[in-house]
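Coordinate inspection notes
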Amino acid sequence: MAAPVYPAWVIRWVSGQWRQKKRPPVLRSTRPLVLANKVANRREQAGEAMCITEMSVMMACWKQNDFNDTACAEEIRMFHDCVAKAEKERKNQNEDILSSRENLTSSKVNTLLRRFPQITRYV
């Protein structure tokens, strides 16, 4: 059985020769090539829950003592100390936006872009 005979354009198309004769595409931008002043909001990873053990110890104490605060004063104090410490760490973390070495979240990037907007026109 004889092999089929194809037209010359099919042979060039299959071998890739047609690509060499084409010109590179012309790039036409539909929007101006400047950065935006905000980025898309991405879902941030949920942070680690703080003070879970202290809260569970406090609730267990309440259950044992019929929800009497005076009997569980030590556990309540430990829980409040843990919450205050976690709040202090969270505030310190928010202040160190520029000095972080890790990837910035979208909310932090938007905060920085509001503080330092892109120049869209010359003065």
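Rules of the game
Residues numbered from 1 in each chain as written. Predicted model: local features only at pLDDT ≥ 70, side-chain atom pairs only at ≥ 80, totals over all residues. Heavy atoms only, no water. Core = buried A, V, L, I, M, F, W, Y, C linked by side-chain atoms within 4.5 Å. Buried < 20%, exposed > 50% of the residue type's maximum accessible area, 1.4 Å probe, protein only. Helix = DSSP H or I, 4+ residues; strand = E, 2+ residues; numbered from the N terminus. Contact = heavy atoms within 4.5 Å. Patch = residues over 30% accessible without salt bridge, like charges linked within 9 Å, V, L, I, M, F, W, Y side chains within 5 Å. Areas by Shrake-Rupley, 256 points an atom, 1.4 Å probe, with all protein chains shown as cover. Salt bridge = Lys/Arg side-chain N within 4 Å of Asp/Glu carboxyl O.

Where an unreviewed UniProt entry is consulted, the protein chain appears under the name Coiled-coil-helix-coiled-coil-helix domain containing 1, with the organism given as Strix occidentalis caurina.

Before going further, it helps to spend a moment on the nonpolar core. In this structure, Cys 51, Met 58, Cys 61, Cys 72, Ile 76, Phe 79 and Cys 82 together form the largest nonpolar core, which totals 7 residues. Listed by contribution, the elements that provide at least two residues to this core are helix H3 (52–64) and helix H4 (73–95). Of the residues forming this core, the biggest block, 3 residues, is contributed by H4. The residues contacting Cys 82, other than those within four sequence positions of it, are Cys 51 and Glu 54.

On to a nonpolar patch on the surface, then. Judged by side-chain polarity, Trp 9, Trp 13 and Val 14 come together as a nonpolar surface patch covering roughly 420 Å² of accessible area. Mapped onto the secondary structure, Val 14 falls in helix H1 (residues 8–15). In this structure Val 14 comes out as exposed when scored by relative accessible area, which is 63%.

What follows covers the pattern of salt bridges. Inspection of every chain in the model, using the stated rule, returns 3 salt bridges. Arg 77 serves as the salt-bridge partner of Glu 74, at 2.5 Å between the closest nitrogen and oxygen. Of the two residues, Glu 74 and Arg 77 both sit in helix H4, 3 residues apart, roughly one turn of that helix. Residue classification places Arg 77 among the partly exposed residues on the basis of a relative accessible area of 41%. Note that Asp 81 is salt-bridged to Arg 77, the shortest N-O span being 2.8 Å. Taken together, the positions of Asp 81 and Arg 77, both in helix H4 and 4 residues apart, correspond to about one turn of that helix. Judged by relative accessible area, which is 41%, Asp 81 ranks as partly exposed.

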